[in-house]
Amino acid sequence: MAGNKIIVWFRRDLRIEDNPALSAAARDGRVLPVFIWCPKEEGQFYPGRVSRWWLKHSLLHLSQSLKSLGSQLVLIKADSTLAALLACIESVGATRVVFNHLYDPVSLVRDHHIKEQLVEVGISVQSYNADLLYEPWEVYNEKGLAFTMFDAYWNKCMHMQMEPVSHAPVWRLEQLPTSGTVENCSIEDLGLEDETERSSNALLGRGWSPGWGHADKALTEFIEHHLVTYAENRLKVGGNSTSLLSPYLHFGEVSVRKVFQSTRLKQILWAKEGNSIGEESASLFLRAIGLREYSRYLCFNFPFTHEKSLLSNLKYFPWIPDQTSFKAWRQGRTGYPLVDAGMRELWATGWIHNRIRVIVSSFAVKFLLLPWKWGMKYFWDTLLDADLESDILGWQYISGSLPDGHELERMDYPEVQGYNFDPEGEYVRQWLPELTRMPTEWIHHPWDAPASVLKASGVELGLNYPKPIIDVDAARARLTEAIFKMWELEAAARAFNSNYTDEVVGDNSAGDENSNIPKVVLKDMAPSFTISSNDQRVPTSQNSKGGLVCKKRPKEIAVSESRPVHEKLQDKPGSSRRGEEVCSTAESSAAKRQTISRDSFSVPQSCSSSSSLTSKEQEIRHFNSKQKFQEEVDIKHGTREDGI
Ligand SMILES: Cc1cc2nc3c(=O)[nH]c(=O)nc-3n(C[C@H](O)[C@H](O)[C@H](O)COP(=O)(O)OP(=O)(O)OC[C@H]3O[C@@H](n4cnc5c(N)ncnc54)[C@H](O)[C@@H]3O)c2cc1C
């Protein structure tokens, strides 16, 4: 065994503890740990400035740790990962390569190809699960299909057995000496940070400490001191109300199994002590971890979701790809204070609270009708924790692309959200200095403030703070019109297809609740991985050429959707889901499950002629009367938020 020469290929598993690939290599022979930076292969998902800053410092940290174990991390900048790996293999005479799985659409294709090529030249390849509690090919519904609703997925997961943290800690590594064929470059040579980026990046170091050792400390601090109040605090924007573990989890600096197990231990303890708040907190935190699992699950089972919505209806949505409004959104100059504060915080710090992510992303999609993929890409470019799978899940969730996400017609009004989540306006004042003197009463809707208040606050709308980029009622009308247009286009496409093609859509089970989701994975067709992590195969639903295939043709049109548009309009008077505005997915998804295929096409509330109030007035009245009741519900359930 000691004679084995093994390459450990590090990617987003930058830790020593509970690292199955590293443990296996350390156990079985001498190792060469390598990190290969190949910008060309990242394509459109080349990481943004702050994400690269994090990676650089995390690599430095890992490199130090490996040194103290007797080894050295080889850093390689390459045009082709495969070529770089082959050079490493040749340089040390290795016979085996080990690495941990990734599930984003870019890595799935690349890893599959690399695995095939290495095996072809006689190299043994093993890949492991270091990123998830459950591999995406282990969790299916009773029909053998992939889940498309989070609650059902997570419920199933919580009843499955999990692989324990069983990898012996690595105490010592025997390094393989390299010959000249490998160019081990310095961290600076990798080019993760441009000269021009240094001064901006320097600020990041004040708030964050990348590296697996720091991740471990952050986890312990959170579990010991803050987890217990997570249920109460997690919706507070501004301040450290959540764990702030997302960048560490993205780069694999902390083991998700360790996060889960530490939380479960606390949960069990608090249950014994009768600490129901603590128990609830632990359960909500585990649910958050479950969302991360689900993001990988969706990407693996529906590998088109970085480009297409999971629900096929959005295919016909008439987005307005307007660069000017996109710029105003990016720069935090929409005239809606909460949105602008969020966007400016994102730009300044590379991180925003989940609630703010939901608000700014919904605004981009529902108020500005910007394509959700634009927003997704912008988040990818600017977030410190930029994570393709979670980013996809977030944007699909808010844009009406998921069966259990926000409905397309649902519009949340930023001023209402403002008073919900920033009641004193402190967050807005922190990020919009021009509104610092605005009284709390007007801070979330300065356009309604009397001229005397504006004057006394030093606010000149249109001069030192923008007027709203679009009026609330105009935005609502425009969204409604866009939804009508989408139906029309969809109906036309359907008519065209039935006239001119022989298209048969009978391969999805009739009456299936989410029939406009392509059923891409059947259990029997999925790769037959076991819980054991020493498999030889790449998790994939790809064809042999590395292309991604849909195993079944999507059934585009649900039965109820084939009725004329005007009939659908009459379906659900006043059926707005605004009543669920602050409900969690958990609370609302049971009801949604019953009606989901029709809901995607249901009538926005403002279409209803039954009321003479503007939608904004309705919303504010609704908000006022509901607030007290909602507060009680929130306190009871701790769920003053959407599922995501
Ligand atoms: C439009 C949009 C885009 C998003 N983009 C990203 C992204 O690029 N990277 C990212 O890590 N998260 C993303 N999220 C999810 C979420 O906002 C962050 O994970 C969370 O705010 C991170 O803060 P925390 O670590 O303190 O979270 P906590 O509340 O402490 O949760 C613990 C961990 O659970 C996971 N988690 C929590 N909520 C979610 C969620 N909704 N989806 C997936 N995982 C979740 C994260 O790994 C997080 O670190 C996005 C959400 C939305 C709505």
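Going along each chain's sequence as written, the residues are numbered from 1 onward. Residues qualify for local features only when their pLDDT is at least 70, as the model is predicted, and side-chain atom pairs are given and counted only at 80 or more; totals for whole chains, interfaces and linings, by contrast, use all residues. Neither water nor hydrogens contribute to the side-chain values; these are computed over all heavy atoms in the structure.

## Some remarks on the overall build of the protein
Here is step 1: Per the secondary structure count, the protein includes 25 helices and five strands.
Here is step 2: Only protein chains enter the accessibility calculation, which uses a 1.4 Å probe; a residue whose area is less than 20% of its type maximum is buried, one above 50% is exposed, and one in between is partly exposed. A burial count over the protein gives 58% of its 644 residues as buried.
Here is step 3: Partitioning the intrachain contacts of the protein with sequence separation of at least 6 by distance along the chain shows that 82% fall at a separation of at least 24.
Here is step 4: Within the structure as shown, the protein displays about 26300 Å² of accessible surface, and the carbon and sulfur contribution to it stands at 53%. Helical segments are the DSSP runs of H or I of at least four residues, strand segments are the runs of E of at least two, and each set is numbered from the N terminus. Any two residues whose heavy atoms approach within 4.5 Å are treated as being in contact. Every accessible area reported is derived by Shrake-Rupley at a probe size of 1.4 Å, with residue values counting cover from the shown protein chains alone.

## Some details on the UniProt feature "binding site: FAD" (unreviewed entry) in the protein
Here is step 1: UniProt positions are given in the numbering used here, feature names are shortened, and annotations may be inferred rather than shown by experiment. The positions that UniProt labels "binding site: FAD" (unreviewed entry) are, in the present scheme, Tyr230, Thr242, Ser243, Leu244, Leu245, Ser246, Phe285, Asp385, Ala386 and Asp387. Annotated residues from the preceding list that form part of the lining of the largest cavity: these are Ala386.
Here is step 2: As for its placement among the helices and strands, Phe285 is situated in helix H12 (residues 276-301).
Here is step 3: Accessibility expressed as a relative area gives 3% for Phe285, which makes it buried.
Here is step 4: Dropping the residues within four chain positions of it, Phe285 is found in contact with Phe222, Leu227, Tyr230, Ser243, Leu245, Val259 and Thr263.
Here is step 5: Turning to its location among the elements, Asp387 is positioned in the loop between helix H16 (372-382) and helix H17 (388-398).
Here is step 6: For Asp387, a relative accessible area of 7% translates into the label buried.
Here is step 7: Beyond its immediate stretch of four places on either side in the chain, Asp387 contacts His250, Arg296 and Trp380.
Here is step 8: In the analysis that follows, any N or O atom pair within 3.5 Å is treated as a polar contact, provided that within protein one partner can donate a hydrogen and the other can accept it, and provided that, for residues neighboring in sequence, both atoms belong to side chains. A polar atom in the side chain of Asp387 sits 2.8 Å from the side chain of His250. Here a cavity means grid points, on a 1 Å grid over the protein atoms only, where a 1.4 Å probe fits yet cannot get out; a pocket means an open set of points with protein on both sides within 12 Å along at least five of seven lines; lining residues are those with an atom within 4 Å of a point.

## With respect to the nonpolar core
Grouped burial of nonpolar side chains is what soluble globular proteins tend to show.
Here is step 1: Residues Leu59, Phe317, Trp329 and Phe367 are the most contacted members of the largest nonpolar core, which totals 149 residues.
Here is step 2: The biggest single contributor to this core is H12, with 11 residues.
Here is step 3: The residues contacting Trp329, other than those within four sequence positions of it, are Thr334, Val339, Met343, Val360, Phe363, Ala364, Leu368, Gly375, Tyr378, Phe379 and Trp395. Here the nonpolar core consists of buried residues drawn from Ala, Val, Leu, Ile, Met, Phe, Trp, Tyr and Cys, with membership extended through side-chain atoms lying within 4.5 Å.

## A closer look at the packing of aromatic side chains
Two measures describe an aromatic ring pair: the distance that separates the ring centres and the angle between the ring planes.
Here is step 1: The pairing test for Phe, Tyr and Trp rings, Trp by its six-membered ring, is centres within 6.5 Å, and the orientation test on the planes gives stacked under 30 degrees, edge-to-face over 60, and tilted for anything in between. Per the counting criterion, the structure on display carries 33 aromatic pairs.
Here is step 2: Seen in terms of ring centroids, Phe222 and Tyr230 are 6.1 Å apart; in terms of plane orientation they differ by 90°. Their pairing is edge-to-face.
Here is step 3: Residue classification places Phe222 among the buried residues on the basis of a relative accessible area of 3%.
Here is step 4: Take Tyr230: its relative accessible area is 9%, and that puts it in the buried class.
Here is step 5: A connected cluster of aromatic rings, assembled from ring pairs, spans Phe326, Trp329, Trp374, Tyr378, Phe379 and Trp395.

## Notes on helix H8 (residues 212-226)
Here is step 1: Taking 1.5 Å per residue as the helical rise, H8 with its 15 residues ought to reach 21 Å, and the 20 Å between its terminal C-alpha atoms agrees with that figure.
Here is step 2: Listed in full, the buried residues belonging to H8 are Trp212, Ala215, Leu219, Phe222 and Ile223. Projected down its long axis, H8 carries its buried residues within an arc of 90°, all on one side. Pointing more than 90 degrees away from the buried face of H8 are the exposed residues Lys217 and His225. One less than the number of residues in a helix, times 1.5 Å, gives the span that helix is expected to have. Note that the arc is computed from the directions linking the helix axis to the C-beta atoms.

## A short note on the pairing of strand S5 (residues 124-128)
Here is step 1: With respect to burial, S5 is a largely interior element, four of its five residues being buried.
Here is step 2: Inspection of the sheet shows strand S4 (residues 96-100) paired to S5 by five bridges, in the parallel sense. In the strand pairing of S5, Asn100 is matched with Tyr128.
Here is step 3: Handedness of the crossover joining S4 and S5 through helix H5 (residues 105-120) is recorded here as right-handed. When DSSP finds two or more bridges between a pair of strands, those strands are recorded as paired. Assignment of crossover handedness uses the view with strands pointing away from the viewer, where a clockwise path from the first strand over the helix to the second indicates a right-handed crossover.

## A look at unusual backbone geometry
Here is step 1: In this model, Asp18 sits at a positive phi of 45°, which is unusual for a non-glycine residue.
Here is step 2: With respect to the secondary-structure elements, Asp18 resides in the loop between strand S1 (4-10) and helix H1 (20-28).
Here is step 3: The phi angle at Leu244 is positive, at roughly 60°, despite the residue not being glycine.
Here is step 4: Take Leu244: it is sitting in the loop between helix H9 (230-233) and helix H10 (246-250).
Here is step 5: Since its relative accessible area comes to 18%, Leu244 is described here as buried.

## Let's talk about empty space enclosed by the protein
Here is step 1: Grid points are joined across faces, edges and corners, and a volume is the space filled by probe spheres set on the points. Enumeration according to the criterion identifies 13 cavities of 30 Å³ or more in this entry.
Here is step 2: The volume enclosed by the largest cavity comes to roughly 370 Å³.
Here is step 3: Forming the walls of the largest cavity are 25 residues, and the residues nearest its centre are Arg12, Trp37, Glu42, Pro47 and Arg110.
Here is step 4: Those elements giving two or more residues to the lining of the largest cavity turn out to be S1, strand S2 (29-37), helix H2 (39-42), helix H3 (49-68) and H5.
Here is step 5: Nonpolar residues are Ala, Val, Leu, Ile, Met, Phe, Trp, Tyr, Cys and Pro. Charged residues are Asp, Glu, Lys and Arg, and all others, Gly as well, are polar. Split by residue class, the lining of the largest cavity holds 15 nonpolar, four polar and six charged.

## Observations regarding the site of the ligand
Here is step 1: Each residue is tested against the molecule or strand, and it is near if at least one of its non-hydrogen atoms lies within 4 Å. Not every one of the 28 residues close to the ligand is listed here, only the nearest: Tyr230, Thr242, Ser243, Leu244 and Asn354.
Here is step 2: Here an oxygen atom of the ligand sits 3.0 Å away from a polar atom, N or O, in the main chain of Ser246.
Here is step 3: A distance of 3.3 Å is found between an oxygen atom of the ligand and a side-chain nitrogen or oxygen belonging to Arg357.
Here is step 4: The protein chains hide 97% of the 810 Å² of surface that the ligand would expose on its own.
Here is step 5: Tallied by class, the residues present in the shell around the ligand amount to 16 nonpolar, seven polar and five charged.

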